[in-house]
Structure formats: structure tokens, C-alpha cells
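Architecture and fold: a report
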Amino acid sequence: MALARRTFFRWATGLGAFVSAALVGVPSVRAFLAPLARKVKRTSWIKLGEADQFEAGAPTRFDFAESVNDAWVETRALRGVWIYTDDNEKFTVYNAHCPHLACSYGFEKEKGVFHCPCHHGLFELKTGKVLGGPPPRALDTLETKVEDGILYAAYQDFRAGVAEKVAVA
Ligand code: FES
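What you see is a predicted model; the values in this text were computed from it and never measured. (Residues numbered from 1 in each chain as written. Predicted model: local features only at pLDDT ≥ 70, side-chain atom pairs only at ≥ 80, totals over all residues.)

1. Things to note about the nonpolar core
Judged by nonpolar contacts, the single largest core of 21 residues is most densely connected at V81, W82, I83, V93, Y94 and A153. Not counting the four nearest positions on each side in its chain, V81 is found in contact with F62, V93, Y94, N95, A96, L142, A153 and Y155. (Core = buried A, V, L, I, M, F, W, Y, C linked by C-beta atoms within 7 Å. Buried ≥ 20, exposed ≤ 12 C-beta atoms within 10 Å, placed from the backbone. Contact = placed C-beta atoms within 7 Å.)

2. Some points on the sheet that holds strand β6 (residues 113-116)
The four strands lie next to each other as β5-β6-β7-β8, forming an open sheet whose pairing is antiparallel. Unpaired on one side and paired on the other, β5 (106-108) and β8 (130-132) mark the two borders of the sheet. Within the sheet, the average angular offset between the axes of one strand and its neighbour, ignoring direction, is 40 degrees. (Pairing = 2+ DSSP bridges. Helix = DSSP H or I, 4+ residues; strand = E, 2+ residues; numbered from the N terminus. Axes fitted to C-alpha atoms, helices over the stretch in contact; angles between N-to-C directions.)

3. Notes on the sheet that holds strand β10 (residues 144-147)
Strands sit in the order β1-β11-β10 across an open sheet of three strands; the sheet is antiparallel. Single-partner strands in this sheet number two, and they are β1 (44-50) and β10. The sheet shows a mean angle of 30 degrees between the axes of neighbouring strands, taken without regard to direction. Relative to strand β11 (residues 150-155), β1 is paired through six bridges, and the arrangement is antiparallel.

4. Some remarks on the pairing of β10
When β10 meets β11, the two strands line up antiparallel, connected through four bridges. Directly across from E147, in β11, lies its bridge partner I150. What sits between β10 and β11 in their antiparallel hairpin is a turn of two residues, with D148 showing a positive phi close to 50 degrees.

5. Comments concerning unusual backbone geometry
If you check the backbone angles, A102 has positive phi at about 70 degrees while not being a glycine. In the Ramachandran plot, D148 falls in the positive-phi region, its phi being about 50 degrees despite a non-glycine side chain. Position of D148 relative to the elements: it lies in the loop between β10 and β11.

6. Structural notes on the environment of Y84
Take Y84: it is sitting in strand β3 (residues 73-85). With 23 C-beta atoms counted inside 10 Å, the residue Y84 sits in the buried group. Residues Y84 and P59 lie 25 residues apart in sequence; the distance between their C-alpha atoms is 4.7 Å. The residues contacting Y84, other than those within four sequence positions of it, are P59, T92, L125 and K126.

7. A short note on the environment of F114
Note on placement: F114 falls in strand β6. Note: C-alpha distance between F114 and K129 (15 residues apart in sequence) is 9.9 Å. Once residues within four sequence positions are removed from consideration, F114 is found in contact with Y105, F107, F123, L125 and L139.

8. Brief notes about the pairing of strand β4 (residues 91-95)
Counting buried positions along β4 yields four of five residues, so the element is predominantly enclosed. Pairing between β3 and β4: five bridges, direction antiparallel. Paired with I83 across the bridge in β4 is V93. Counting the residues between successive antiparallel strands, the hairpin from β3 to β4 contains five residues, one of them, N88, with a positive phi of roughly 60 degrees. Here β4 pairs with strand β9 (residues 141-142) via two bridges, running antiparallel. When the sheet's bridge partners are listed, Y94 is paired in β9 with T141.

In C-alpha cells form, the structure reads like this:
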């Protein structure tokens with residue numbers, strides 16, 4: 001009889017400990033893992049300015065900071081685009097990362113081409129086509145829209161070093 005009572009108390013104690021651990025542990029684990037389930041924002045519309053302010057025939061660099069959520073950590077990332085227009089009605093906006101290894105490239109005014117200083121990639125101004133160097137594809141263009149006279153671009157990064165234009169988070 002004494003043995004049965006001892007066994008019962010052992011089981012009751014174990015069950016109590018298990019229930020207590022579950023009551024405390026489940027919400028804690030859920031709170032800890034919640035950021036992983038948060039949806040990653042992949043594309044954001046960036047306001048670039050009044051559409052008629054851009055110089056036709058010459059590219060304009062536009063830099064901005066963006067919040068990036070990586071599960072538990074929120075950081076500020078510096079982004080950039082190049083804007084080109086012939087007539088202030090139609091716009092081409094390029095992601096400012098080189099499609100080779102994602103360096104930031106510039107514009108060589110004398111030659112009228114984009115130049116990446118990392119491995120001397122050269123790109124055509126109007127189309128972003130590769131003119132020289134190792135880049136495996138043309139500059140990455142972004143979706144644009146003009147609303148109430150304001151130019152916007154849907155900022156997106158793309159995988160570097162591959163021939164296809166593949167969007168990344
Ligand atoms: S990163 Fe631009 S040419 Fe290599």
C-alpha cells in the first residue's frame with residue numbers, strides 16, 4: 001500500500017512538473033520563434049522626386065536608407081538607384097548594384113557609360129546592356145510609376161553573378 005502511494009506521488013509530481021514546464025515554455029518558445037514567421041518585405045515603392053526635375057539625357061543617382069528586418073534584428077541599409085530619361089515621361093531606373101558581384105557603379109560622363117570600378121564592367125546608359133568586363137547580364141531595371149507628377153520605383157535586389165535576373169529578399 002505504501003509503495004502504491006509513493007508511486008502515485010511520484011507520477012503526480014512528474015505530471016505537475018510537466019504541466020508547469022508546458023505552461024511557461026510554450027508561450028516563451030512561440031514568442032522566440034515569431035520573428036521567423038514574419039513575412040519578409042521584398043519590394044518597396046521608393047519616392048524618387050518630381051518627374052520633370054530629372055535632366056533628360058543624363059543619369060541621376062538617388063540614394064536612400066531602408067529598414068531591413070532579419071528575424072530579430074532591424075538594421076538600416078543604404079540603397080541606391082540610377083534614373084535615366086530622354087523626355088521626363090518614360091523612365092528607366094536601375095538598381096545601383098552591379099550584377100557581377102554587387103559593387104556600386106558610377107557614371108563616366110566623358111564616355112557616356114556606366115562603369116563598375118571593381119572589375120571594370122561597362123554598361124550602356126540607355127539600356128544597361130553590358131559593353132565590357134565580366135558582368136553576366138545587363139543592369140537590373142526596376143518597375144516604375146508616375147503618380148501626381150512624382151516618380152516612384154519598386155526597389156528590389158537581385159542575385160549577383162548569374163546570367164538570369166533573380167529577385168532576392
Ligand atoms: S562587381 Fe562590377 S564588374 Fe565586378
